[in-house]
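Each chain is listed here by its residues.
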Amino acid sequence: MNMLDLAEKREYEQFFFSEESLAGLVRVASDFRYPCLLCAPTLGVALESMGRRCRTLDIDVRFSGLGGFKFFDLNHPISFGEEYDLVLCDPPFGFDVQQVFEAVDILRGGATVVVSWYQSRLAQFLRVFSDVKPVGVTLTYRDKDIPFYDGYDVSKYGRVVVELYSSDPGRVSGLWG
Ligand SMILES: C[S@@+](CC[C@H](N)C(=O)[O-])C[C@H]1O[C@@H](n2cnc3c(N)ncnc32)[C@H](O)[C@@H]1O
């Protein structure tokens, strides 16, 4: 089975990128020598299918067929002693900002950071991720009405809008096209 055909696991707050967003992220990640994809396993699938080397870190071991996959739990972040030039993270929406930051920080070294976030807790996000700025890109997902959690009422609270932030927003927006 093609790993892009896997069903999303809601218990992991898993929402896969739309084709359009995946294509934009492939353009961005392909410009880097050794990208680390944290919580973005379908990007790992797309890059490896093009023969690109990348590290894919996620809690979902269904992606362990990827050559670059390693199990990673945001609750217990660890370094693999590798040097990446990009750390790209699309975290589970309900996750604590500080915990996401600590995981990215352990991995990043001198890498460019690209991370997605949404309106909720945005001020806290920008305080913690103090060196990122908006790229001007809204990510879309296969599920157009991303529910925040099971039972989230889209008609009441509106759609969750997820945007990209980066430590090098100019480079990322240029690559996005
Ligand atoms: C919003 S989804 C992002 C998926 C991405 N859009 C894609 O298409 O590959 C969040 C991702 O975080 C992963 N995840 C959830 N909890 C995690 C944890 N504690 N540690 C590491 N990864 C986790 C999920 O498996 C899922 O792939």
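In short, a report on the structure. (Residues numbered from 1 in each chain as written. Predicted model: local features only at pLDDT ≥ 70, side-chain atom pairs only at ≥ 80, totals over all residues.)

## As for helix α1 (residues 19–29)
For α1, the set of buried residues is Ser21, Leu22, Gly24, Leu25, Val28 and Ala29. Each buried residue of α1 lies within a common arc of 160° when the element is viewed along its axis, so the set occupies one face. Facing away from the buried side of α1, by more than 90 degrees, are the exposed residues Glu19 and Glu20. Along its buried surface, α1 packs onto β1 (35–38), α2 (41–49), β4 (86–89), β5 (112–118), β6 (133–139) and α6 (169–176). (Buried ≥ 20, exposed ≤ 12 C-beta atoms within 10 Å, placed from the backbone. Helix = DSSP H or I, 4+ residues; strand = E, 2+ residues; numbered from the N terminus. Arc of directions from axis to C-beta. Contact = placed C-beta atoms within 7 Å.)

## Comments concerning the environment of Thr42
In this fold, Thr42 is placed in helix α2. Each residue touching Thr42, except ones within four places of it in the same chain, is listed here: Leu4, Phe16, Phe17 and Leu22.

## Quick notes on the nonpolar core
Membership of the largest hydrophobic core comes to 48 residues, with the highest contact counts inside it found for Leu38, Val87 and Val104. Element by element, the count of residues in this core is highest for helix α3 (residues 97–108), at five residues. The contact partners of Val87, leaving out residues within four places of it in the chain, are Cys36, Leu38, Val104, Leu107, Arg108, Ala111 and Val113. (Core = buried A, V, L, I, M, F, W, Y, C linked by C-beta atoms within 7 Å.)

## Some details on the packing of α1 against α6
Where α1 contacts α6, the axes come no closer than 8 Å and their chain directions differ by 125°. Overall, the two elements α1 and α6 adopt an arrangement that is oblique. You can see that α1 and α6 cross each other, and the crossing is right-handed. On α6, the residues touching Gly24, Arg27 and Val28 of α1 are Val172, Leu175 and Trp176. Taken together, the residues of the contact of α1 with α6 sort by class into four nonpolar, one polar and one charged. (Axes fitted to C-alpha atoms, helices over the stretch in contact; angles between N-to-C directions. Parallel < 35°, antiparallel > 145°, perpendicular 65-115°, else oblique. Left-handed = near helix turned anticlockwise from the far one by under 90°. Nonpolar A, V, L, I, M, F, W, Y, C, P; charged D, E, K, R; others polar.)

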